[in-house]
Amino acid sequence: MAADKFSFGIDPVSCHAWNKDRSQVAVSLNDHEVHIYSKGKGSEYEKKKTLSEHTQRVTSIDWAPKRNIIVTCGSDRNAHVWTLNGNNEWKPTLVILRINRAATCVKWSPEENKFAVGTGARLICVCHFDEEHDWWVSKHVKKPIRSTVTSIDWHPNNVLFAAGSTDFKARVFSGYIKDIEDKPSSTPWGAKMTFGNVMQEYGGGGGWVHSVCFDASGNRLAWVGHDSTVNIVNTSADVGVVQTIKTNLLPFLNCVWAGPTSLVVGGHDCELYMYTVDGTGKPTLGGKLAVEAKAKTGKLSAMAKFKQLDSKATTEQDTQKSSTHQNSITQLSIHTGAKEAVVKLTSTGADGLMVNWDYKKLESSAKGSKV
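Here the residue numbers are simple positions, counted from 1 along each chain's written sequence. Side-chain atom pairs in this predicted model are given and counted only at pLDDT of 80 or more, local residue features only at pLDDT of at least 70, and totals for whole chains, interfaces and linings cover all residues. Side-chain descriptors were evaluated using all non-hydrogen atoms of the structure, hydrogens and water having been removed beforehand.

**Topic: the sheet that holds strand 22 (residues 252–259)**
As summarised here, the arrangement of the four strands in space is 22-23-24-25, forming an open sheet in which the pairing is antiparallel. In this open sheet, the two edge strands, each paired with only one partner strand, are strand 22 and strand 25 (283–289). Geometrically, the sheet is characterised by an average inter-axis angle of 25° between neighbouring strands, direction not taken into account. In this analysis, strands are considered paired if DSSP registers two or more bridges between them. Secondary structure is summarised from DSSP: a helix means a run of H or I of at least four residues, a strand means a run of E of at least two, and numbering begins at the N terminus for each. Inspection of the sheet shows strand 24 (residues 272–277) paired to strand 25 by six bridges, in the antiparallel sense. Of the residues in strand 25, the one forming a bridge with Tyr275 is Leu285. Comment: axis = line fitted to C-alpha atoms, over the contacting stretch for helices; angle = value between 0 and 180 degrees taken between N-to-C directions.

What follows is the structure, given as structure tokens:
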């Protein structure tokens, strides 16, 4: 099997983030705490630290690899930036979000000088550090967001970011803050880059947008929705055209670019699927990744068959799925490599599992597989 599995127990893993060398991972088990685990022998992990500043469920974590600082946000309407001090202790710094609803997602910019926080208050907080007051301050992007922001991803130029929300829209905004960065040049997404400007807006479909992701070049944007669709815009072809494929699968919650022409998605189906993307941005299902063989079960007696049929409407006694994850995949991230050439992927699920996938082996085994 081209994967290493580790179970955190019966609690769902709601979010995770890796450090730079992948020796440590920060996870939240659907509660108010963030646990930092260090890699042990084989596929084992040992708990080293617990970050417990939040008072309600942690909704998102991101770990800045260059600066080695962690940002977390939660349902308590707060975000905290954690820095490792000289005593090897993680200390939180206050983030002034100024929101009256939960913070739902957070993402560092590529240069790690700012981060964006999606919220249930129909706005996005773009935060940068105020050295004079020793805290993180935020600027709000409000219009035209009409519902909860569910996902954020930054463009490689460190200025633009994409956001998906439960108003069925995927949008590209400008996050340019003149106090901390030089004036940006124009991009295929648009030229006017004043803070909060809507560069592009897509949607109007039948489902919440669960995840958005720029590719390595920043010229293509992918998103997945609750209507079981995969959507891609390619600015090299036409910035106004959305290529959409509707599936008969359960809704996807995550999407990650794994190469110039490969997109990996996962969600309520508990499986990973690979889509190949052509020059226009049109996605085509390439196959299902990592199907495990079910263990053989013993034979049932005639009486046991009747009992099984009466209570469960089936004579099958195997309740295991053929997938590695036995419940929804809550998050996908790149473990090794980058968006232009992924080597390993990490998935966490509502089954308490964290799985590190050897993507190259999965990609070769997926070709020709049936869905």
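**A look at the nonpolar core**
Counting 19 residues, the largest nonpolar core has Val81, Val95, Leu97, Trp108, Phe115 and Val117 as its most contacted members. Throughout, a residue-residue contact means that at least one pair of heavy atoms, one from each residue, lies within 4.5 Å. Residues within four places of Leu97 in sequence aside, it is in contact with Arg77, Asn78, Ala79, Ala103, Val117, Cys125, Cys127, Ser138 and His140. With 18 residues, the next largest nonpolar core counts Ala3, Leu289, Val355 and Trp357 among its residues. Here, the term nonpolar core denotes a set of buried Ala, Val, Leu, Ile, Met, Phe, Trp, Tyr and Cys residues that are joined through side-chain atoms within 4.5 Å. Burial here depends on accessible area, computed with a 1.4 Å probe over protein chains only, as a share of the maximum for the residue type. Under 20% is buried, over 50% is exposed, and the range in between is partly exposed.

**Comments concerning the pairing of strand 20 (residues 229–234)**
With respect to burial, strand 20 is a largely interior element, six of its six residues being buried. Residues Thr229, Asn231 and Val233 line one face of strand 20 and the alternating positions Val230, Ile232 and Asn234 line the opposite face, and both faces are buried. Note that strand 19 (residues 220–225) and strand 20 share five bridges and pair antiparallel. Following the sheet pairing, Val224 is matched in strand 20 by Val230. In sequence, strand 19 turns back onto strand 20 through a hairpin of three residues, with Ser228 there showing a positive phi of about 60°. Strand direction decides the pairing type here: strand 20 and strand 21 (residues 242–246), joined by five bridges, are antiparallel. Bridging from a neighbouring strand, Asn231 pairs with Thr244 of strand 21.

**Observations concerning the sheet that holds strand 14 (residues 149–154)**
Spatially, the four strands line up as an open sheet ordered 14-15-16-17, and their pairing is antiparallel. Two strands in the sheet have a free side with no partner beyond their single neighbour: strand 14 and strand 17 (198–203). The mean inter-strand angle of the sheet, taken between neighbouring strand axes irrespective of direction, is 15°. Of the strand pairs in this sheet, strand 15 (residues 160–165) and strand 16 (residues 169–174) are connected by five bridges, and their pairing is antiparallel. Bridge pairing links Phe161 to Phe173 in strand 16.

**Some words on the environment of Leu285**
Relative to the helices and strands, Leu285 resides in strand 25. With a relative accessible area of 32%, Leu285 lands in the partly exposed category.

**Remarks on the packing of aromatic side chains**
Whether two aromatic rings pair depends on their centres lying within 6.5 Å, for rings of Phe, Tyr and Trp, where Trp uses its six-membered ring; planes under 30 degrees apart make the pair stacked, over 60 edge-to-face, and the rest tilted. The tally for this structure, following the rule as stated, stands at 16 aromatic pairs. By way of ring pairs, the aromatic residues Phe6, Phe8, Trp18, Tyr37 and Tyr45 are connected into one cluster. Geometry around Phe195 places Lys139 over its ring, the cationic atom sitting 4.6 Å from the centre. Criterion for a charge above a ring: Arg CZ or Lys NZ at most 6 Å from the ring centre, at most 35 degrees from the ring normal.

**Some points on the environment of Val13**
Secondary-structure assignment places Val13 in the loop between strand 1 (3–7) and strand 2 (15–18). Judged by its relative accessible area of 0%, Val13 is buried. Sequence separation between Val13 and Ser347 is 334 residues; the distance between their C-alpha atoms is 9.7 Å.

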